[in-house]
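One letter stands for each residue in the lines below.
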Amino acid sequence: MTTTRPTVKRRRLWFLEFYRSAVGKKWVMAVTGIILIGYLLAHMVGNLKMYLGPESINAYGESLRDLGGHLVPRTHLLWIMRIGLVAATALHLHAAITLTFLNWRSRPARYDERHYAAANYASRTMIYGGVIVAAFVVFHLMDLTWGSGGAEFARGLPYENIVHSFERLPVALFYIVANLLLGVHLYHGAWSMFQSIGLNHPRFNQWRRWFAYGIAAVITIGNVSFPIAVQAGIVHLG
Amino acid sequence: MDLTLRVWRQSGPGDKGRFEEYPAKGIDEHMSFLEMLDIVNERLTLEGIEPIAFDHDCREGICGTCGVMVDGRPHGPWEGTATCQLHMRAYSDGDTITIEPWRAKGFPAIKDLVVDRRAFDRIIESGGFISVAAGSAPDANNTPIPQEAAEFAMDAAACIGCGACVAACPNGAAQLFVAAKYSHLSLLPQGQPERWTRAESMVDTMELYFGSCSNHGECEAACPKNISLDFIALLNRDYLRSKWRNRRLAGQKG
């Protein structure tokens, strides 16, 4: 058996060494999680514009390309944000997968009988929900960004594309199920991230629970409402 | 009362292990759980069966030696107690009790209910101490410590190192143990000089044996000393700071 003592020598970049540890990976998961939650919230709120009609959401989509106004060339700021988002997603996934394998290795034998006292459905299905949501995101990008999801698609007309896509019942159901799973994932994630980065105080811990409920509920209700609205004919063409 | 025990039997580290059932007849409700095991073992010995091996020492909940999974709960059904403090009045006539050892990669099996918890010692050796000039005892109150800091450190120092947190964790992580052992020193003035090497080396050593924390909270629920998850947050915070600060210390010597 060995112990590790920090040795006094020149080191590699400290943050690479930090990421090598499991605690460091949890930090990265929390920070990228915050970025992804921020994106999800903005994405959901932006899409609410579909309730204001095609002009509203189509203009919103166009204005995303104009982010930064005349300060930067058109679409450049959007691309910087997209690259940041992809990087955050990649780091989140890499840390999640390596930690999951570490954790499986660390508990090789199962108990014959086990009653959990604190772990809940959300905390125990993070990796499964996360992988399903990641697969869903790939489909979602094909469906509504690249236009290769099988529905009628026209670049620059998100309202029409959304209606064409969500009119297909199996697709609408897939969106609903994936977003419910995302909500469960967010519930544990939004609570857990404070713990991972050490933002924790007995006075605020109850507040953290409410924050997690709130984030999960707001994003899920908003997102799930879109396919339902199309299926119910509230959001429709013409 | 008459009970049935379903006990994990494993002759040694290489053995696959299996459950065996033993009757435990005429058990008094005032007995402790370990006394019940003693009685069953006496009878097994008389029958020529190898007694059930289990760890135990002080039997008053302060040494951290005992600890088994009882009906799927570390240290049994009572909150905030070690296995030795569990008493048979928790059970009623006819119950079947399943007893398993702690199961985690960091705690290899030795025999029956006994596991090897030396990984905890390795973690303590790597930083769970303070260096002091040994000599005559210092004057009382020579080092002023705010009451709140003393209380908070004491909450962490209540850890008896039993390993229930690892046993309870679905990831086999030892974060609560390490956080408690880290915090009770690092919250006090005496623990400051070595604070950052302590954070780094205790976590790095922990990760040689155990899984990672995913904030299930099972450890806190299982802890016989009710140690709070808040200490894990403190450890996570200080680990990042240690990587940064130790880098600067390292740079001075080139």
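Calculation rules
- Residues numbered from 1 in each chain as written.
- Chains lettered and ligands numbered in written order.
- Predicted model: local features only at pLDDT ≥ 70, side-chain atom pairs only at ≥ 80, totals over all residues.
- Heavy atoms only, no water.
- Helix = DSSP H or I, 4+ residues; strand = E, 2+ residues; numbered from the N terminus.
- Buried < 20%, exposed > 50% of the residue type's maximum accessible area, 1.4 Å probe, protein only.
- Areas by Shrake-Rupley, 256 points an atom, 1.4 Å probe, with all protein chains shown as cover.
- Lys, Arg positive; Asp, Glu negative; His and termini not counted.
- Charge placed at Lys NZ, Arg CZ, Asp CG, Glu CD.
- Contact = heavy atoms within 4.5 Å.
- Buried area = accessible area lost by both parts, 1.4 Å probe.
- Salt bridge = Lys/Arg side-chain N within 4 Å of Asp/Glu carboxyl O.
- Polar contact = N/O pair within 3.5 Å; in protein donor to acceptor, adjacent residues only side chain to side chain.
- Phe/Tyr/Trp six-rings, centres within 6.5 Å; stacked < 30°, edge-to-face > 60°.
- Lys NZ or Arg CZ within 6 Å of the ring centre and 35° of its normal.
- Pairing = 2+ DSSP bridges.
- Axes fitted to C-alpha atoms, helices over the stretch in contact; angles between N-to-C directions.
- Domains from an automatic or database assignment.
- Parallel < 35°, antiparallel > 145°, perpendicular 65-115°, else oblique.
- Left-handed = near helix turned anticlockwise from the far one by under 90°.
- Nonpolar A, V, L, I, M, F, W, Y, C, P; charged D, E, K, R; others polar.

**What to know about the overall build of chain A**
Okay, step 1: Across its full length, chain A carries nine helices and zero strands.
Okay, step 2: The order of helices and strands in chain A, counted from the N terminus, is α-α-α-α-α-α-α-α-α.
Okay, step 3: Referenced to the eigenvectors of the C-alpha coordinate spread, the extents of chain A come out at roughly 70 × 50 × 40 Å.
Okay, step 4: Burial statistics for chain A: of 238 residues in total, 42% are counted as buried.
Okay, step 5: Of the accessible surface of chain A, which amounts to about 13300 Å², a share of 70% is contributed by carbon and sulfur atoms.
Okay, step 6: Across chain A, 22 positive and 10 negative side-chain charges occur, with their mean positions spaced 21 Å apart.

**Side note on the interface of chain B and chain A**
Okay, step 1: Taken together, the 65 residues of chain B in the interface contact 49 residues of chain A.
Okay, step 2: Interface of chain B and chain A: buried area, both sides summed, is about 4700 Å²; carbon and sulfur atoms make up 57% of it.
Okay, step 3: Applying the counting criterion to the chain B and chain A interface returns three salt bridges.
Okay, step 4: Taken together, the connections running from chain B to chain A amount to 32 residue pairs in polar contact (both at pLDDT 80 or more).
Okay, step 5: With 14 residues, helix H8 (residues 230-253) of chain B is the single largest residue contributor to the side of chain B that touches chain A.

**Description of the packing of aromatic side chains**
Okay, step 1: By the definition in use, this model includes 21 aromatic pairs over all chains.
Okay, step 2: Between tyrosine 51 of chain A and phenylalanine 226 of chain A, the aromatic rings sit 5.9 Å apart at their centres with planes inclined by 35°, giving tilted as the arrangement. One end of the pair, tyrosine 51 of chain A, is in the loop between helix H2 (22-47) and helix H3 (54-65); the other, phenylalanine 226 of chain A, is in helix H9 (residues 205-231), and 175 residues separate them in sequence.
Okay, step 3: An aromatic cluster is built from Phe136, Phe139, Phe166, Phe174 and Tyr175 of chain A, whose rings are joined through pairwise contacts.
Okay, step 4: Between the NZ or CZ atom of lysine 25 of chain A and the centre of the ring of tyrosine 19 of chain A, over which it lies, the distance is 5.2 Å.
Okay, step 5: The ring of phenylalanine 19 of chain B is capped by arginine 6 of chain B, whose NZ or CZ atom sits 4.3 Å from the centre of that ring.

**What to know about the pairing of strand S5 (residues 96-100) of chain B**
Residue and element names in this part refer to chain B.
Okay, step 1: Counting buried residues in S5 gives four out of five residues, a clear majority hidden from the surface.
Okay, step 2: Here strand S1 (residues 3-9) pairs with S5 via four bridges, running parallel. Residue pairing across strands places arginine 6 opposite threonine 98, the latter belonging to S5.
Okay, step 3: With two bridges connecting them, strand S3 (residues 69-70) and S5 associate as antiparallel partners. Counterpart to valine 70 in the pairing with S5 is isoleucine 99.

**Looking at the environment of lysine 105 of chain B**
Okay, step 1: With respect to the secondary-structure elements, lysine 105 of chain B resides in the loop between S5 and strand S6 (109-111).
Okay, step 2: The sequence separation of lysine 105 of chain B and proline 170 of chain B amounts to 65 residues, and the corresponding C-alpha distance is 12 Å.
Okay, step 3: Ignoring any residue separated from it by four or fewer positions in sequence, one finds lysine 105 of chain B in contact with Arg105, Ser106 and Pro108 of chain A together with Leu208 and Tyr209 of chain B.

**Focus on the side chain of serine 123 of chain A**
Okay, step 1: Tracing the sequence through the fold places serine 123 of chain A in helix H5 (residues 121-124).
Okay, step 2: At a separation of 2.7 Å, a polar atom in the side chain of serine 123 of chain A contacts the side chain of histidine 216 of chain B.

**Let's talk about the sheet that holds S1 of chain B**
All names here are of chain B.
Okay, step 1: Taken together, five strands build an open sheet; the order of strands is S2-S1-S5-S3-S4 and the sheet is mixed. Edge positions in the open sheet fall to strand S2 (18-24) and strand S4 (73-74), since each of these has one partner strand only.
Okay, step 2: In terms of strand pairing, S3 meets S4 through two bridges, oriented antiparallel. Within S4, the residue paired with valine 70 across the bridge is arginine 73.
Okay, step 3: Packed on one face of the sheet, helix H1 (residues 33-46) meets S1, S2, S3 and S5 and runs near 90° to S2.

**Quick notes on the domain arrangement of chain B**
All names here are of chain B.
Okay, step 1: Looking at the assigned domains, one finds that chain B contains domain 1 (3-110) and domain 2 (117-253).
Okay, step 2: If you average the C-alpha positions of domain 1 and of domain 2, the two centres end up 30 Å apart.
Okay, step 3: Tallying the contact residues gives 19 residues for domain 1 and 20 residues for domain 2.
Okay, step 4: Carbon and sulfur atoms make up 57% of the surface buried where domain 1 meets domain 2, a total of about 1400 Å² over both sides.
Okay, step 5: At the boundary of domain 1 with domain 2, the tally comes to one salt bridge.
Okay, step 6: Taken together, the links from domain 1 to domain 2 amount to five residue pairs in polar contact (both at pLDDT 80 or more).

**Some details on the packing of H2 of chain A against helix H8 (residues 169-196) of chain A**
Residue and element names in this part refer to chain A.
Okay, step 1: Two elements in contact, H2 and H8, have axes whose closest approach is 9 Å; the angle formed by their N-to-C orientations is 130°. In terms of axis orientation, H2 runs oblique to H8. Of the two elements, H2 crosses H8, and the hand of that crossing is left-handed. Across from Lys26, Trp27, Ala30, Ile34, Ile37 and Leu40 in H2, the residues of H8 making contact are Leu182, Leu186, Ala190, Ser192, Met193 and Ser196.
Okay, step 2: The class makeup of the residues in the contact of H2 with H8 is nine nonpolar, two polar and one charged.

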